[in-house]
Amino acid sequence: MIEKDILNWVAQRYGSSEMRQQIEHVDVASREFTGVGLYTNLTFSDRASLPPIRPLEIPFSGPVIEGPALELGASALVWCDDSGYLKTIEIAAFGDHYPETQFEYTLSEFDHT
């Protein structure tokens, strides 16, 4: 699932043990495809038992997503609510299409050059 892969990539990049704990218990509540991206809303079965993410960055910069189904790739952001809990993953295609079905992809660091 691309959402879990993005969350794990961000948790590793930011070294957040709290985020890793939340990832183990997070579920997809809903997905909204926009044609050029995707919003994935997240939920927890027992949020009260999990630690909030600190320090909190809103949003956390995610990886670049590349694959044959994405003409120019896509970017991802991970949003938390003000209390420090994972809330939404936002994916935006660099081109004019984002697929609504599963596809092969790789995740990488954004090249700022």
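So, here is what we can say about the structure in this document. (Residues numbered from 1 in each chain as written. Predicted model: local features only at pLDDT ≥ 70, side-chain atom pairs only at ≥ 80, totals over all residues. Heavy atoms only, no water.)

Notes on a nonpolar patch on the surface
Together, L72, F94 and F110 give the surface a local cluster of nonpolar side chains, amounting to about 300 Å² of exposed area. Position of F110 among the secondary structure elements: in the segment after strand 6 (106-108). (Patch = residues over 30% accessible without salt bridge, like charges linked within 9 Å, V, L, I, M, F, W, Y side chains within 5 Å. Areas by Shrake-Rupley, 256 points an atom, 1.4 Å probe, with all protein chains shown as cover. Salt bridge = Lys/Arg side-chain N within 4 Å of Asp/Glu carboxyl O. Helix = DSSP H or I, 4+ residues; strand = E, 2+ residues; numbered from the N terminus.)

Some thoughts on unusual backbone geometry
Peptide bonds are mostly trans, and most non-glycine residues show a negative phi. Cis rather than trans, the peptide bond between R54 and P55 has omega equal to -10°. Relative to the assigned elements, P55 resides in the loop between strand 2 (37-44) and strand 3 (60-67).

Things to note about helix 2 (residues 17-25)
The complete set of buried residues in helix 2 reads M19, Q22 and I23. Seen along its axis, helix 2 keeps its buried residues to an arc of 105°; they face one direction. Check the buried side of helix 2 and you find it contacts helix 1 (2-14), strand 1 (26-33), strand 2, strand 3 and strand 5 (86-93). (Buried < 20%, exposed > 50% of the residue type's maximum accessible area, 1.4 Å probe, protein only. Arc of directions from axis to C-beta. Contact = heavy atoms within 4.5 Å.)

A closer look at the nonpolar core
Nonpolar side chains tend to gather and get buried jointly when the protein is soluble and globular. Counting residues in each nonpolar core, the largest one holds 28 residues, and the members touching the most others are I6, I65, L86 and I91. For this core, the secondary structure elements donating two or more residues are helix 1, helix 2, strand 2, strand 3, strand 4 (70-80) and strand 5. For this core, the element with the most residues is helix 1, which contributes six residues. The contact partners of I65, leaving out residues within four places of it in the chain, are I2, I6, L70, G73, A74, S75, A76, I91, F103, Y105, T106 and L107. (Core = buried A, V, L, I, M, F, W, Y, C linked by side-chain atoms within 4.5 Å.)

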